[in-house]
Amino acid sequence: MSTKNIYRPQNKIDYSSYLYLIPAFIFYLAFVFFPLIDTFYNSFTEWNGISEKKWVGLDQYINNLSDKKITSSIKHSFILIIFYSFFPIVIGLGIAGIMVRVKIKGMAMYRAILFLPQILSMIVVGIAWRWIYAPKGPLNSGLDFFGLEDISRAWLGSFDYALPFVGLIGTWVMFGFTMILFIAGVQKIPSELYDAAKVDGAGAFAEFFNVTLPGLKGEIIVALVFTVTLALRNFDLIYITTGGGPGTSTMIPSMFIYKKAFQMNQVGSASSLGIMLTLLIFTLVSLILLIFRDKK
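Residues numbered from 1 in each chain as written. Predicted model: local features only at pLDDT ≥ 70, side-chain atom pairs only at ≥ 80, totals over all residues. Heavy atoms only, no water.

1. A word on the overall build of the chain
Part 1 of the reasoning: From N to C terminus, the chain includes 13 helices and two strands.
Part 2 of the reasoning: Each principal axis of the C-alpha atoms in the chain carries an extent, and together these give about 70 × 70 × 35 Å.
Part 3 of the reasoning: Burial status across the chain gives 39% buried among its 296 residues.
Part 4 of the reasoning: Summed over all atoms, the accessible surface of the chain reaches about 18300 Å², with 68% contributed by carbon and sulfur.
Part 5 of the reasoning: Side-chain charges of the chain comprise 24 positive and 17 negative groups, with the mean position of each set lying 6 Å from the other. (Helix = DSSP H or I, 4+ residues; strand = E, 2+ residues; numbered from the N terminus. Buried < 20%, exposed > 50% of the residue type's maximum accessible area, 1.4 Å probe, protein only. Areas by Shrake-Rupley, 256 points an atom, 1.4 Å probe, with all protein chains shown as cover. Lys, Arg positive; Asp, Glu negative; His and termini not counted. Charge placed at Lys NZ, Arg CZ, Asp CG, Glu CD.)

Written out as structure tokens, the structure reads:
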């Protein structure tokens, strides 16, 4: 029997398998790549979305950078990073560290409850917390019940408190994600390392900083990239809770993009601001990966 048709040469590549990638590739080109290129081109034009585009070069970028409201909105985004990234990561690490030392019955149920905010629609979350923060909502009612009437206020209507209290919603949503991520990471750390630490007489803090924290380096990078990106591109939560107000105290770049494009008919300016936001996210993510890269 001839074996010519049974065995194929090892150096021959079957390109037919790449045909299965064509539908996804076409989808990517149509809904990701081409819109991105079109947005990049529009960022150099003055366009209201209907009439003919007028090429203006870098004017849109210069105008955005010189607009104090936009630069202030970028500062607000960096403040939100503290609530969306720093606080959830600290809380998640704390819970993971406690789980290493203390075995709690029913932990699976507790983890499911704490992770619940992560799977809720952000619109639902925003509406619920807007009700909680309302002048006659549960938060103020609780403060009044304990005789703290002087503290209660319209939290989302305050120029001083609106941004941090919206940020606390982000903390509530994100810490479930970091918790699950770090708990999964702890489970892959060799138990021998913890046994050795206990033999050496390491306490809870020494064990955490010398075993748990180094062992979760990869998970911390993932958490940082995900939470920082979400904080910078956040839109729905601000839109539902404050709409950028009061005044511009909770305005963020994504809100300006929305207002410029769909309310002010300044598509060119909105496109340039979108490109700037993309570059900012890309820069911060690159810095995170550079800082936490493995040093050989």
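That covers the picture; the talk isn't over yet.
2. A few points about the nonpolar core
Part 1 of the reasoning: Counting residues in hydrophobic clusters, the biggest one holds 54 residues, and the most contacted among them are Tyr 84, Leu 93, Tyr 133, Ile 169, Phe 182, Leu 216 and Leu 232.
Part 2 of the reasoning: In terms of residue count, helix α7 (residues 162–186) provides more of this core than any other element does, 10 residues in total.
Part 3 of the reasoning: With sequence-adjacent residues up to four places away left out, Tyr 84 is seen in contact with Gly 170, Met 174, Thr 227, Leu 230, Ala 231, Asn 234 and Leu 237.
Part 4 of the reasoning: Ranked by size, the runner-up nonpolar core spans six residues in total, among them Ile 95, Met 99, Phe 175 and Ile 183. (Core = buried A, V, L, I, M, F, W, Y, C linked by side-chain atoms within 4.5 Å. Contact = heavy atoms within 4.5 Å.)

3. Focus: the pattern of salt bridges
Part 1 of the reasoning: Scanning all chains against the criterion turns up two salt bridges.
Part 2 of the reasoning: The closest approach of N and O atoms between Asp 38 and Lys 53, which form a salt bridge, is 3.7 Å. Here Lys 53 lies in the loop between β1 (45–46) and β2 (54–55) and Asp 38 lies in helix α1 (residues 22–42), a separation of 15 residues in the sequence.
Part 3 of the reasoning: Here Asp 38 falls in the partly exposed class, since its relative accessible area comes to 38%.
Part 4 of the reasoning: Among the salt bridges present, the one from Lys 188 reaches Glu 219, with a minimum N-O distance of 3.8 Å. Highlighted residues: Lys 188 in the loop between α7 and α8 (191–199) and Glu 219 in helix α10 (residues 217–232), separated in sequence by 31 residues.
Part 5 of the reasoning: On the basis of relative accessible area, Glu 219 is assigned to the buried category, the value being 12%. (Salt bridge = Lys/Arg side-chain N within 4 Å of Asp/Glu carboxyl O.)

4. Structural notes on the environment of Leu 237
Part 1 of the reasoning: Within the element layout of this structure, Leu 237 appears in helix α11 (residues 236–241).
Part 2 of the reasoning: Take Leu 237: its relative accessible area is 0%, and that puts it in the buried class.
Part 3 of the reasoning: In this structure, the C-alpha to C-alpha distance between Leu 237 and Gly 167, residues 70 residues apart in sequence, is 9.6 Å.

5. Points about the packing of α1 against helix α13 (residues 267–291)
Part 1 of the reasoning: Packing of α1 against α13 brings their axes to within 7 Å, and their N-to-C directions diverge by 115 degrees. Every pair of crossing elements has a handedness; the one defined by α1 and α13 is left-handed. Where α1 abuts α13, its residues Thr 39, Phe 40 and Asn 42 lie against Gly 268, Ser 271 and Ile 275.
Part 2 of the reasoning: Its residues placed into classes, the contact of α1 with α13 shows two nonpolar, four polar and no charged. (Axes fitted to C-alpha atoms, helices over the stretch in contact; angles between N-to-C directions. Left-handed = near helix turned anticlockwise from the far one by under 90°. Nonpolar A, V, L, I, M, F, W, Y, C, P; charged D, E, K, R; others polar.)

6. Some remarks on the packing of aromatic side chains
Part 1 of the reasoning: Applying the stated criterion across every chain yields a total of 21 aromatic pairs.
Part 2 of the reasoning: Where Tyr 258 meets Phe 262, the ring centres are 5.7 Å apart and the plane angle is 40 degrees; that geometry is what we call tilted. Taken as a pair, Tyr 258 and Phe 262 lie in helix α12 (residues 253–262) at a separation of four residues, close to a single helical turn.
Part 3 of the reasoning: Exposure remark for Tyr 258: the relative accessible area of 23% places this residue in the partly exposed category.
Part 4 of the reasoning: Aromatic rings pair up to connect Trp 129, Tyr 133, Trp 155, Tyr 161, Phe 165 and Trp 172 into one cluster.
Part 5 of the reasoning: Above the plane of the ring of Trp 47 lies Lys 53, whose end atom (NZ or CZ) is 4.5 Å from the centre. (Phe/Tyr/Trp six-rings, centres within 6.5 Å; stacked < 30°, edge-to-face > 60°. Lys NZ or Arg CZ within 6 Å of the ring centre and 35° of its normal.)

7. Some points on a nonpolar patch on the surface
Part 1 of the reasoning: Side chains of Phe 27, Tyr 28, Phe 31, Val 32, Phe 33, Phe 34 and Ile 37 sit close together on the surface and give an oily, nonpolar patch of about 730 Å² of accessible area.
Part 2 of the reasoning: Structurally, Tyr 28 can be placed in helix α1. (Patch = residues over 30% accessible without salt bridge, like charges linked within 9 Å, V, L, I, M, F, W, Y side chains within 5 Å.)

8. Considerations on the packing of helix α5 (residues 122–132) against α7
Part 1 of the reasoning: Between α5 and α7, whose axes approach to 11 Å, the crossing angle comes to 135 degrees. The orientation of α5 relative to α7 falls into the category oblique. The hand of the α5/α7 crossing is right-handed. Listed contacts from α7 to Met 122, Val 125 and Trp 129 of α5 are Ile 169, Trp 172 and Val 173.
Part 2 of the reasoning: Residue composition of the contact of α5 with α7, by class: six nonpolar, no polar and no charged. (Parallel < 35°, antiparallel > 145°, perpendicular 65-115°, else oblique.)

9. Some words on the environment of Trp 129
Part 1 of the reasoning: For Trp 129, the position within the fold is in helix α5.
Part 2 of the reasoning: Distance from Trp 129 to Ser 66, taken between C-alpha atoms, is 34 Å for residues 63 residues apart in sequence.
Part 3 of the reasoning: Beyond its immediate chain neighbours, meaning those up to four positions away, Trp 129 contacts Ile 169 and Trp 172.

10. What to know about helix α3 (residues 68–101)
Spacing of three or four residues puts side chains on the same side of an α-helix, whose turn is 3.6 residues.
Part 1 of the reasoning: The end-to-end C-alpha distance of α3 is 50 Å, a good match for the 50 Å that 34 residues give at a rise of 1.5 Å each.
Part 2 of the reasoning: At Leu 80, α3 is bent by approximately 25 degrees, the largest bend along its length.
Part 3 of the reasoning: Near the N-terminus of α3, the side chain that reaches the backbone nitrogen of Lys 69, with its oxygen 3.0 Å away, is that of Asp 67. (Expected span 1.5 Å × (residues − 1). Bend = angle between axes of the 7 residues up to and from the residue. Polar contact = N/O pair within 3.5 Å; in protein donor to acceptor, adjacent residues only side chain to side chain.)

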